[in-house]
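Survey of secondary and tertiary structure
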Amino acid sequence: MEHSLPSKSIAVVLGTRPEIVKLAHIIRILGDAAWVIHTGQHYDPNLSAAFFAELSLPEPDLFLEVGGRSRGHQIGEATMLLDAHFSSNGPLAVMVQGDTNATVSGALAA
């Protein structure tokens, strides 16, 4: 029995090169259900956009642009922005992977 999820119903929060690589297969499996949110922790094109292109992933649906700041600022701002987006868009689930500022923010906002 095949089940389909609503479009953009599973928030996949990432922010670093390793997270992009590790979550690429999950994003592909989720297809239209994936709502890819990039915090911008790794904001350099060589650490972000190049990996999306190389792994044939669509560009993130949302880019928070919190990179280049202190850890506390990144976590605080990303958590605040994610909380606002989750409150207004209500994903069915939020997926994070790893132990980065992006994952802490995604988990706290969820």
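As a reminder, the structure under discussion sits directly above these lines.
Now for a quick tour of the structure. Quick caveat: nothing in here was measured; it's all calculated off a predicted structure.

What counts, and where the lines are drawn
- Residues numbered from 1 in each chain as written.
- Predicted model: local features only at pLDDT ≥ 70, side-chain atom pairs only at ≥ 80, totals over all residues.
- Heavy atoms only, no water.
- Salt bridge = Lys/Arg side-chain N within 4 Å of Asp/Glu carboxyl O.
- Buried < 20%, exposed > 50% of the residue type's maximum accessible area, 1.4 Å probe, protein only.
- Pairing = 2+ DSSP bridges.
- Helix = DSSP H or I, 4+ residues; strand = E, 2+ residues; numbered from the N terminus.
- Contact = heavy atoms within 4.5 Å.
- Axes fitted to C-alpha atoms, helices over the stretch in contact; angles between N-to-C directions.
- Expected span 1.5 Å × (residues − 1).
- Core = buried A, V, L, I, M, F, W, Y, C linked by side-chain atoms within 4.5 Å.

Moving on: the pattern of salt bridges. The tally for this structure, following the rule as stated, stands at two salt bridges. A salt bridge links Arg 69 to Glu 77, with the nearest nitrogen and oxygen atoms 2.9 Å apart. Owing to a relative accessible area of 37%, Arg 69 belongs among the partly exposed residues under this scheme.

Spatial strand order, β3-β2-β1-β4: four strands in an open sheet with parallel pairing. Looking along the sheet, the strands with just one partner apiece sit at the ends: β3 (62–63) and β4 (93–95). Contacting β1 (10–14), β2 (34–38), β3 and β4, helix α3 (residues 71–89) runs over the sheet at an angle of about 160 degrees to β2.

Taking 1.5 Å as the rise per residue, α3 with 19 residues should run 27 Å; its terminal C-alpha atoms sit 26 Å apart, in good agreement. Buried residues belonging to α3 abut β1, β2, β4 and α4 (101–109). Two residues or fewer past α3, Gly 90 is found with a positive phi of approximately 45 degrees.

Secondary-structure assignment places Ile 26 in helix α1 (residues 17–30). It is 15 Å that separates the C-alpha atoms of Ile 26 and Gly 15, two residues lying 11 residues apart in sequence.

The next subject is the nonpolar core. In terms of nonpolar packing, the biggest core is built from 14 residues, with Val 12, Leu 14 and Ile 27 touching the most fellow members. Put simply, the parts of the chain that give this core at least two residues each are β1, α1, β2 and α2 (49–54). The greatest single-element share of this core, amounting to five residues, is contributed by α1. When sequence neighbours within four positions are dropped, the list of residues in contact with Leu 14 reads Glu 19, Ile 20, Leu 23, Ile 27, Val 36, Ile 37, His 38, Thr 39, Phe 52 and Ala 102.

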